[in-house]
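Here is what each chain is made of, one letter per residue.
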Amino acid sequence: MSDHALSAKDPADIIGELKDRAEVTDALYRFTLGLDLRDRELAASAFAADAELESRATTGKGEPGPVMTGRDTIVETVLATIARLDTTHVVTNPRIQVNGDAARLTAIVEAQHLLTADHSRNALMKNRYTVALCRDGERWVMRRVRVETVWHAGDPAAVFG
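Heads up: these notes are all about the structure in this document.

Cut-offs applied
- Residues numbered from 1 in each chain as written.
- Predicted model: local features only at pLDDT ≥ 70, side-chain atom pairs only at ≥ 80, totals over all residues.
- Heavy atoms only, no water.
- Salt bridge = Lys/Arg side-chain N within 4 Å of Asp/Glu carboxyl O.
- Helix = DSSP H or I, 4+ residues; strand = E, 2+ residues; numbered from the N terminus.
- Buried < 20%, exposed > 50% of the residue type's maximum accessible area, 1.4 Å probe, protein only.
- Arc of directions from axis to C-beta.
- Contact = heavy atoms within 4.5 Å.
- Phe/Tyr/Trp six-rings, centres within 6.5 Å; stacked < 30°, edge-to-face > 60°.
- Pairing = 2+ DSSP bridges.

Points about the pattern of salt bridges
- A complete count under the given rule lists eleven salt bridges for this structure.
- Across the salt bridge formed by E138 and K19, the nearest N and O atoms sit 3.6 Å from each other. Placement of the pair is E138 in the loop between β5 (118–136) and β6 (139–154) and K19 in helix α1 (residues 11–37), with a sequence separation of 119 residues.
- Salt-bridge contacts for R40 lead to E76; the nearest nitrogen and oxygen are separated by 3.0 Å. Of this pair, R40 sits in helix α2 (residues 40–44) while E76 sits in helix α3 (residues 71–81), and the two are 36 residues apart along the sequence.
- Relative accessible area serves as the criterion here: at 45%, R40 is assigned to the partly exposed category.
- Connected via shared salt-bridge partners are D20, D101 and R135.

So, α3
- Three or more residues of α3 are buried, namely I74, V75, V78 and L79. Down the axis, α3 shows its buried residues gathered within 115° of arc, on one side only. With respect to the buried face of α3, the exposed residues turned more than 90 degrees away are D72 and A80.
- Summarising the contacts, the buried residues of α3 are in contact with α1, α2, β1 (47–56) and β2 (67–69).

Structural notes on the packing of aromatic side chains
- The full count for this structure, using the stated rule, is one aromatic pair.
- Here the aromatic rings of F31 and F47 are separated by 5.0 Å at their centres, their planes lie at 80°, and the arrangement is edge-to-face. With a gap of 16 residues between them, F31 in helix α1 and F47 in strand β1 connect regions that are remote in the sequence. Per residue, the accessibility class of F31 equals that of F47, and both read buried.

Some remarks on the pairing of β1
- In this sheet, β6 lies alongside β1 in parallel orientation, the contact comprising six bridges. Within β6, the residue paired with E52 across the bridge is R144.
- Where β1 meets β2, three bridges bridge the pair, whose relative direction is antiparallel. Along β2, the bridge assignment pairs E54 with V67.

Here's the deal with the environment of L33
- For L33, the position within the fold is in helix α1.
- Taking the C-alpha atoms as reference points, L33 and N99, 66 residues apart in sequence, are found 26 Å from one another.

Given below as structure tokens:
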């Protein structure tokens, strides 16, 4: 990735690049907010139909999680995993590289997970997301997502059982 925020020089090109960057970041926002709101449609709107999500989030055993394939599988699996939890996700430090109809995004996502029935059992996770996106009409969607836990605090079993 470049060490500059924008690559465009011409004012009209800068506007287009800023729009693309906002839409790229919005794909990750749609996914994480969709999880917190339990809004399947919003979460699904973030993904291409043939998307893949590789989770290397902490499972409590230090093992990588499964690779999920397909928008519906990803959304249903993740929502089922967090069904017994109250969650909040915060997206920070997005870095974006746009190349035509493809883009790459890296970001940090803080994920707070609390058992709905017992908030004393919780896990805070700091995850690094590496995302490949593609243009889908006027919006961007995620095609490949890799989630890696940078660190966690609390009880991972609250999330992963």
